[in-house]
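Structural description and commentary
Residue strings, one per chain:
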Number of protein chains: 2
Amino acid sequence: MTIRVIIVDDQAMVRAGFAALLSAQSDIDVVGEAPDGRQGIEVGRATRPDVVLMDVRMPEMDGLAAARELLDPPPGVVHRPKVLMLTTFDVDDYVYEALRAGASGFLLKDAPPADLISAVRVVAAGEALLAPSVTRRLIADFARQRPAPRKDPSLRLNGLTPRETEVLELIARGLSNQEIAARLVLAEQTVKTHIGRVLAKLDLRDRAQAVIFAYESGLVSPGA
Amino acid sequence: MTIRVIIVDDQAMVRAGFAALLSAQSDIDVVGEAPDGRQGIEVGRATRPDVVLMDVRMPEMDGLAAARELLDPPPGVVHRPKVLMLTTFDVDDYVYEALRAGASGFLLKDAPPADLISAVRVVAAGEALLAPSVTRRLIADFARQRPAPRKDPSLRLNGLTPRETEVLELIARGLSNQEIAARLVLAEQTVKTHIGRVLAKLDLRDRAQAVIFAYESGLVSPGA
DNA sequence: CGGGGTGTCGTACCTGGGTATGAGGCCCGG
DNA sequence: CCGGGCCTCATACCCAGGTACGACACCCCG
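Here goes a summary of the coordinates provided. These numbers come from a predicted model, not from an experiment.

Topic: the sheet that holds strand S3 (residues 51–55) of chain A
Residue and element names in this part refer to chain A. Ordered by their spatial adjacency, six strands build an open sheet running S2-S1-S3-S4-S5-S6, and the pairing between neighbours is parallel. Single-partner strands in this sheet number two, and they are strand S2 (28–34) and strand S6 (129–130). The pairing of S3 with strand S4 (residues 82–87) spans five bridges and is parallel. If you follow Met54 over to S4, its bridge partner there is Met85. Packed onto the sheet, helix H2 (residues 37–47) meets strand S1 (3–8) and S2 and runs at close to 165 degrees relative to S1.

Printed below as a string of structure tokens:
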């Protein structure tokens, strides 16, 4: 199975270069090109590539918007290519936007040609790949935001019994004591007892603070 | 400047293989080896390498603990090598632990030899590099946790007046009505009025649900 | 100028939620 | 078999928080 690729970049020379480079590979076919995001989407819909090489900065419609459109297509469109973002300059803030949108990778154009080729293969295989500098930033970001599942709360979470944890989670879902009791088939007073212990153990004042704790400790997460 | 590397792995053959591979590079010197984490730390302190290749699973002291020790040394030890984690099997949960601890990379041992070599160079340069499957997971994780500031609630948030939003945020920080009143220099009753309106507008029952809304809408975020 | 939105506060009421104390049953490990 | 942790529930008390109704002062816009 050859890998079907399209190249979206506003510079014709860049497109030609990449196309030549990739076409030379026996397992890669360049099946289309486009000079801006809008046309990139059209070509993407028409040729149904496995991988889209997408420049970030482009006239008409930037790579980010185009990537979003391809990765989260309107109803009726079933094709969902992998998107590999490319940028000339060092990592701009678009990186995070692109990754959020579901891009499979992010490379600098000054990377060795071999990297681009292997990146296409990696992405086509469903894996992901980033430029080293991007990787570093992502890791740093990752480590910064979760310096060990909150040493503070999370460790203290271990002090909770299973039942208490269960109750805490329901609190964090917005249930009243009555509803929790019903859900767990308990007397309301029992729920109160559990909550009392949770608040005491975690040094919290009320259920509102308990909700905060649940989110901060990762017991529950936004969007879950 | 040659890159000084040590190899920590419990399998002698693996060490020998990597050493041979890396030593063949003119810009890389293998200056030490160790069969377990404990000795790895000793060798690391003694030889002061630029990069430590560290197997994850090892007897005596696993790679994770050893990496942590090297990356966050006790007072008095100034040397801080880069750590590149290696694992035989597919990505275990240790990945996140390693990245949190400050590792610069994570590779599978079945990666092409060229990858290992370039990885060492990348890491030595202060950048980072991950196995594609790890990258994919990290990106997925990243995208999952910040799927672009919530559209739904966020829109409803627009129905709130500035003051109401302000009060909501303080609720989400765990403050009591009294504390909010003090903070905003208001009568407690005024705070209650605002809260009442917030709850009505957002169709919430109590401040606990308000906290949930604040997190889900992105008004406040974990770790912020 | 008149009205609507916002912000402020008062009085009054009621209940859900948190606290205190005690107690019975279950199960595990020493 | 006994002690301790966990889960369960009851009775009783108190108050922060939420609701209802009304009021006054701005400010801006039609």
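Notes on the pattern of salt bridges
Scanning the model with the defined rule gives 26 salt bridges over all chains in all. Each of Asp9, Asp55 and Lys109 of chain A takes part in salt bridges that share partners, so that together they form one network.

Side note on the protein's contact with DNA strand C
Around DNA strand C sit 19 residues in total, of which Arg207 of chain A together with Thr161, Arg163, Ala187 and His194 of chain B are the nearest. A share of 60% is what sugar and phosphate atoms reach among the atoms of DNA strand C within 4 Å of the protein. His194 of chain B places a polar side-chain atom, nitrogen or oxygen, 2.8 Å from a phosphate oxygen of DNA strand C. Within the residue set of the surface near DNA strand C, elements represented by two or more residues are helix H10 (188–202) of chain A together with helix H8 (162–172) and helix H10 (188–202) of chain B. Looking at the surface near DNA strand C, its residues break down into five nonpolar, nine polar and five charged.

Observations concerning the relation of the copies chain A and chain B
Superposition record for chain A on chain B: RMSD 2.3 Å, screw rotation 178 degrees, translation along axis 0.7 Å. Here the symmetry operator amounts to a two-fold rotation axis. For chain A, the smallest separation between a C-alpha atom and the rotation axis is recorded for Ala208 of chain A, amounting to 1.4 Å. The share of interface residues of chain A whose copies in chain B are also at the interface is 98%, consistent with both copies meeting through the same surface.

What counts and what doesn't
Residues numbered from 1 in each chain as written. Chains lettered and ligands numbered in written order. Predicted model: local features only at pLDDT ≥ 70, side-chain atom pairs only at ≥ 80, totals over all residues. Heavy atoms only, no water. Pairing = 2+ DSSP bridges. Helix = DSSP H or I, 4+ residues; strand = E, 2+ residues; numbered from the N terminus. Contact = heavy atoms within 4.5 Å. Axes fitted to C-alpha atoms, helices over the stretch in contact; angles between N-to-C directions. Salt bridge = Lys/Arg side-chain N within 4 Å of Asp/Glu carboxyl O. Near = heavy atom within 4 Å. Polar contact = N/O pair within 3.5 Å; in protein donor to acceptor, adjacent residues only side chain to side chain. Nonpolar A, V, L, I, M, F, W, Y, C, P; charged D, E, K, R; others polar. Least-squares fit on C-alpha atoms with pLDDT ≥ 70 in both.

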